[in-house]
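Per-entry structural report
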Amino acid sequence: MRLVSEAGGRLRRAAEEEEKERPAAPSHHSNHQFSSMKSKFFNELTHLPMPMWAVGAIVFVVLALVASMGFCLYRKCCNKGKKPKKVRERKGGRGRRKKDKEGEDGEDKKEGEDGKEDEEKENFGKLEYSLDYNFNDNQLIVGILQAQDLAAMDLGGTSDPYVKVYMLPDKKKKFETKVQRKNLSPVFNETFSFKIPYSELGGQTLVLQVFDFDRFGKHDVIGEIKIPMNSIDLAQPIQEWKDLVGGEKEEQEKLGDICISLRYVPTAGKLTINIMEAKNLKKMDVGGLSDPFVKVVLQHNGKRLKKKKTSVKQNTLNPYFNESFSFEIPFSQIQKLQVVITVYDYDKLGSNDAIGKCWMGYGASGVGLRHWSDMLANPRRPVAQWHTLQPEEEVDAALKAPIR
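These numbers come from a predicted model, not from an experiment.

What counts, and at which threshold
Residues numbered from 1 in each chain as written. Predicted model: local features only at pLDDT ≥ 70, side-chain atom pairs only at ≥ 80, totals over all residues. Heavy atoms only, no water. Helix = DSSP H or I, 4+ residues; strand = E, 2+ residues; numbered from the N terminus. Contact = heavy atoms within 4.5 Å. Buried < 20%, exposed > 50% of the residue type's maximum accessible area, 1.4 Å probe, protein only. Lys, Arg positive; Asp, Glu negative; His and termini not counted. Salt bridge = Lys/Arg side-chain N within 4 Å of Asp/Glu carboxyl O. Pairing = 2+ DSSP bridges. Axes fitted to C-alpha atoms, helices over the stretch in contact; angles between N-to-C directions. pLDDT = per-residue confidence, 0-100. Polar contact = N/O pair within 3.5 Å; in protein donor to acceptor, adjacent residues only side chain to side chain. Phe/Tyr/Trp six-rings, centres within 6.5 Å; stacked < 30°, edge-to-face > 60°. Lys NZ or Arg CZ within 6 Å of the ring centre and 35° of its normal.

This next bit is on the overall build of the chain. Of the regular secondary structure elements, the chain holds seven helices and 16 strands. Long-range contacts, defined as pairs at least 24 residues apart, comprise 64% of the intrachain contacts of the chain with a sequence gap of at least 6.

Attention now moves to the side chain of E323. Mapped onto the fold, E323 is located in strand β13 (residues 320–328). Buried charge without a salt bridge: E323, with K313 as the nearest opposite-charge side chain at an N-O distance of 4.3 Å.

Taken together, the four strands give an open sheet; going across it, the order is β12-β11-β14-β15, and neighbouring strands pair in antiparallel fashion. Both edges of this open sheet fall to β12 (303–309) and β15 (353–361), since each of them pairs with a single strand only. Going from strand to strand, the sheet's axes swing by 20° on average, the running direction of each strand aside. Two elements, strand β14 (residues 337–345) and β15, share eight bridges in a ladder whose sense is antiparallel. When the bridges of β15 are listed, I341 appears paired with C358. Strands β14 and β15 of the sheet are contacted by helix α6 (residues 367–377), whose axis makes an angle of about 50° with β15. Taken strand by strand, helix α7 (residues 392–400) contacts β11 (292–300), β14 and β15, and its axis lies near 35° from that of β15.

Mean pLDDT over the chain works out to 78, with 71% of the residues at or above the 70 mark. Predicted confidence for residues 1–5 stays below pLDDT 50, and this span has zero contacts to residues more than four positions away or in other chains.

Further remarks concern the side chain of E224. Counting through the fold element by element, E224 comes out in strand β7 (residues 220–228). Take E224: its relative accessible area is 10%, and that puts it in the buried class. A polar side-chain atom of E224 sits 2.9 Å from a polar atom in the side chain of Q209.

This brings us to the pairing of strand β2 (residues 139–148). Alignment of strand β1 (residues 126–134) against β2, held across nine bridges, turns out to be antiparallel. If you follow Y133 over to β2, its bridge partner there is L140. Taking the residues between adjacent antiparallel strands as the criterion, β1 and β2 are bridged by four residues, where N138 takes a positive phi near 55°. In this structure, β2 lies alongside strand β5 (residues 187–195), joined through seven bridges in antiparallel fashion. Looking at β5, one finds that L140 is bridged to F194.

As a further point, take unusual backbone geometry. In this structure, K182 is a non-glycine residue whose phi angle is positive, near 45°. According to the relative accessible area criterion, K182 is exposed, its value standing at 67%.

Strand order in this open sheet of four strands is β5-β2-β1-β8, and the pairing throughout is antiparallel. The open sheet has two edge strands with one neighbour each: β5 and β8 (238–243). The average angle at which neighbouring strand axes cross in this sheet is 20°, direction not considered.

In the structure shown here, the tally under the stated rule is seven aromatic pairs. Aromatic side chains F135 and Y198 sit 5.1 Å apart centroid to centroid with 50° between the ring planes, which places their arrangement in the tilted category. Placement of F135 in the loop between β1 and β2 and of Y198 in helix α4 (residues 198–201) is noted, with a sequence separation of 63 residues between them. Ring centres 5.4 Å apart and planes at 15° place the aromatic pair F293 and Y344 in the stacked group. Separated by 51 residues along the polypeptide, F293 in strand β11 and Y344 in strand β14 bring together distant segments of the chain. A relative accessible area of 15% places Y344 in the buried class. Through a chain of ring-to-ring contacts, three or more aromatic side chains come together here, namely Y133, F135 and Y198. Sitting over the face of the ring of W241, K126 holds its NZ or CZ atom 5.2 Å from the ring centroid.

Shown next, in the form of structure tokens:
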């Protein structure tokens, strides 16, 4: 019995030892497999076509990207539930602030309206002028003396003021003072006279407009004064200051159109200008008509070379001239030549009044430039073109401006 129990114990111990030894064999096998893979991986690395430091840098960049992506995902997941609260708080705050502001706006609305009224009363400056009537010569004498505190119209905080003087409603005569450069309190001391019978003076209005001169564009209105002649007593000379009010730009009145033909023969150096006809000219006479004629002036480098004029056409606003003038102009001069056309109303007793002007040639723009270019591009052929007449002062200012 004893022998049998000892034999059974030996068998159990042998079985336990076998069970302990069995898992050891696979562990040894897996260790061997890992070491072989490791040696194979490093063997492949050594055979790569790039140095080891480059491989390390790539690995570092990949790890950094993975880490940053993980951090972003973590922040997004953590803050996902908190955003609506903040949005609700902001919306609630905005609603409360809106209600508070409505009460404040209601109180401040009246104050804002009062402020706007004050802003509308903008200061344009003031002008000193004088008025006198010469009963012997039937002349209204207007003196433009000086201005003060004019509005600055230029970027530099100054203006280049001058004063335009004319009578409404006819605007037959317009006068201008000299331009005072960069001066907000200019002194003019200039006098102008209008020959108007005293019996007709009451129905007219004297306009004094202060402009800011602009060499390269439209002149801006700084302010103006309108004086109805039936509201003043001209028995004694008047000299006074008046505040300027904001004036609108003078409406561009239609002065009429003129048809001109140009022809140039380079080989002969001959320029032919044909004044063909005009239409819709401004009424200059009391009877509602005009006595027009045309003056042609050639300029080169600002100097007047030659001038011609047509015959006078009596009592018409649509005259037909068909008069040609030829000038000897060498090709060397034609490139910088300017042709200035002025339509006048003939006056037997006084000076002739300019109805309007236009010009072609060097420095011109628009229709004037196109007409001149067409003439040069078609030598020996007459080229006709209609031109719209412009105010005399605007054309004169454009002719004096430097060519850009």
